[in-house]
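One letter stands for each residue in the lines below.
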Amino acid sequence: MRNLDMDLLRSLVALADHGTLKGAAERVGRTQAALSLQMRKLESQAGEALFRKDSRKLVLTEGGDVLLSYARRILALNDDAVQALTRSRVSGDVKFGSSQDFGESWMPTVLAQFRKAHPEVGVEIRVDGGTKLVNAVDAGEIDLALALGLGERANAICIGHLPLVWIAHRDFGWNKREPLPLALFTSPCRFRTKAIAELDAAGVRWNIGLTSPSLYGVWAAVNAGLGVTVRTPEGLLPELEVVDRKFGLPNLGSVDVSLYLAKGARSPAVMNLVELLRERLAQRIVELDARTPNGVIARRPGRFGVVVGRKRAPAIAA
DNA sequence: TCATTCATGACGAACGTCCC
DNA sequence: GGGACGTTCGTCATGAATGA
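Conventions used here
Residues numbered from 1 in each chain as written. Chains lettered and ligands numbered in written order. Predicted model: local features only at pLDDT ≥ 70, side-chain atom pairs only at ≥ 80, totals over all residues. Heavy atoms only, no water. UniProt positions renumbered as here; feature names shortened; annotations may be inferred. Helix = DSSP H or I, 4+ residues; strand = E, 2+ residues; numbered from the N terminus. Buried < 20%, exposed > 50% of the residue type's maximum accessible area, 1.4 Å probe, protein only. Contact = heavy atoms within 4.5 Å. Areas by Shrake-Rupley, 256 points an atom, 1.4 Å probe, with all protein chains shown as cover. Axes fitted to C-alpha atoms, helices over the stretch in contact; angles between N-to-C directions. Parallel < 35°, antiparallel > 145°, perpendicular 65-115°, else oblique. Nonpolar A, V, L, I, M, F, W, Y, C, P; charged D, E, K, R; others polar. Arc of directions from axis to C-beta. Pairing = 2+ DSSP bridges. Right-handed = clockwise from strand over helix to strand, strands pointing away. 1 Å grid on protein atoms, 1.4 Å probe; cavity = no way out; pocket = protein on both sides within 12 Å on 5 of 7 lines; lining within 4 Å. Points joined across faces, edges and corners; volume = space filled by probe spheres on them. Domains from an automatic or database assignment.

As recorded in an unreviewed UniProt entry, chain A goes by HTH-type transcriptional regulator HdfR and comes from Usitatibacter rugosus. The UniProt entry for chain A carries the following comment under Sequence similarities (unreviewed entry): "Belongs to the LysR transcriptional regulatory family."

Take a look at the structure:
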């Protein structure tokens, strides 16, 4: 009886989900060439062709579809088993703070996964601005915070980078003879400062259409077509789009995504959550990369994506 | 023509096995 | 135990095919 390699099945699922070797390779932390070799090995193990070429992409054959269905179940069972083995060993409480950018998007799913894996761990959640959360970490009010664009600090673990992009409603039109209306956070805000500086440097006239102290207010204004805002693509509503290229707006570069740990907060419960966040964010960045209109993330030069080593994504040092 | 994607060859690192 | 060797699997560089 032949055995199917679990790593190869994981790559198969990534390839089926992503549609291209290149994208799938980034997701699993390998090169495109390595993934190509893996899929050939999997075909050898399966004893039949799993893919056929459709122009420049690879699509599953009938056999590939059958194996994919089994692969998802095998991997789910594997992950359940791993979770079951670690479940009983971790207990305690975690006070966790998340930036508003993540609070409503993928964070609920991640926390549900953590809860399922560690039902004995009590989790207290706080959603707020990044600066406030990091201050709370420093004051020992919370154990851990996930925040954007606050740079390197002694207690920070940088787990990736996201591009800063211009975002507007799909129907939003801008007459370039008029100032660009902006919907931004109330000052002080790093993204706001950066956006205004870049517009000024590029000679683009602008005015403040709306300011809000909360992300919900900013999204609501942009969704209503009141102006353009500056965020990462995380939490992008379906009606909104990245308009860097559409309006020829200046490149805003990228922001770091970091976890901030309170002094003495490295309990097993906290470090398990750190590891889960690191892993899920890596996947999330790749998803955002694939979904961002116009390929803004993939095409723009600079530091994006997950922080990985030359060969494999390393574990974050505890 | 250029950008994107996949395939392939060359090479190197890690690991297992064998033999002394 | 440790060195030699073979195997496996990774990266990098490059070419071919394809689409805009």
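Draft legend 1. Up close: the overall build of chain A. A count of helical and extended segments in chain A gives 12 helices and 13 strands. Each of the 318 residues in chain A was classed as buried or not, and the buried ones make up 45%. Sequence separation of at least 24 residues holds for 77% of the intrachain contacts in chain A that already meet a minimum separation of 6. As displayed, chain A offers around 16,200 Å² of accessible surface, 51% of which is attributable to carbon and sulfur atoms.

Draft legend 2. Up close: the environment of G47. Mapped onto the elements of the fold, G47 is located in the loop between α3 (32–46) and β1 (51–54). On a C-alpha basis, the gap between G47 and G63 in space is 9.8 Å, while along the polypeptide they are 16 residues apart.

Draft legend 3. Representation of the packing of helix α2 (residues 21–28) against α3. In the contact formed by α2 and α3, the axes pass within 8 Å of each other and the chain directions differ by 100°. Relative to α3, α2 is oriented roughly perpendicular. Side by side, α2 and α3 meet where L21, K22, A24, A25 and V28 of the first sit next to Q32, L35, S36 and M39 of the second. Taken together, the residues of the contact of α2 with α3 break down into 6 nonpolar, 2 polar and 1 charged.

Draft legend 4. Spotlight on helix α7 (residues 130–138). Within the sequence span of α7, burial applies to G130, L133, V134, A136 and V137. Projected down its long axis, α7 shows its buried positions confined to an angular sector of 155°, all on one face. Of the surrounding elements, those touching the buried residues of α7 are β3 (92–99), β4 (121–128), β5 (144–148) and β12 (254–261).

Draft legend 5. The arrangement of the side chain of S98 in detail. With respect to the secondary-structure elements, S98 resides in strand β3. Contacts of S98, omitting those with residues within four sequence positions, involve G103, M107, R126, V127, D128, L133 and L146.

Draft legend 6. How the structure looks around the pairing of strand β9 (residues 206–212). Where strand β8 (residues 180–185) meets β9, 6 bridges bridge the pair, whose relative direction is parallel. Bridging from a neighbouring strand, P181 pairs with N207 of β9. Running through helix α8 (residues 190–202), the crossover from β8 to the neighbouring parallel element β9 is right-handed.

Draft legend 7. The sheet that holds strand β7 (residues 165–169), seen in detail. One open sheet holds the 3 strands; their spatial order is β10-β7-β11, and the pairing between them is antiparallel. Lying at the two open borders of the sheet, with one neighbouring strand each, are β10 (229–231) and β11 (240–242). Pairwise comparison of adjacent strand axes, ignoring direction, gives a mean angle of 40° for this sheet. Pairing of β7 with β10 involves 3 bridges; the strand directions are antiparallel. In the strand pairing of β10, V165 is matched with R231.

Draft legend 8. Inspection of the layout of surface pockets at higher detail. Space inside the second largest pocket adds up to approximately 520 Å³. What lines the second largest pocket is a set of 20 residues, and nearest its centre among them are G129, G130, T131, F185 and P188. Breaking the lining of the second largest pocket down by element, the ones donating at least two residues are α5 (100–103), α7 and α8. For the lining of the second largest pocket, the leading source of residues is α7, giving 3 residues. Grouping the amino acids of the lining of the second largest pocket by side-chain chemistry returns 7 nonpolar, 8 polar and 5 charged. The two domains that each donate at least three residues to the lining of the second largest pocket are domain 2 (91–160 + 257–299) and domain 3 (165–252).

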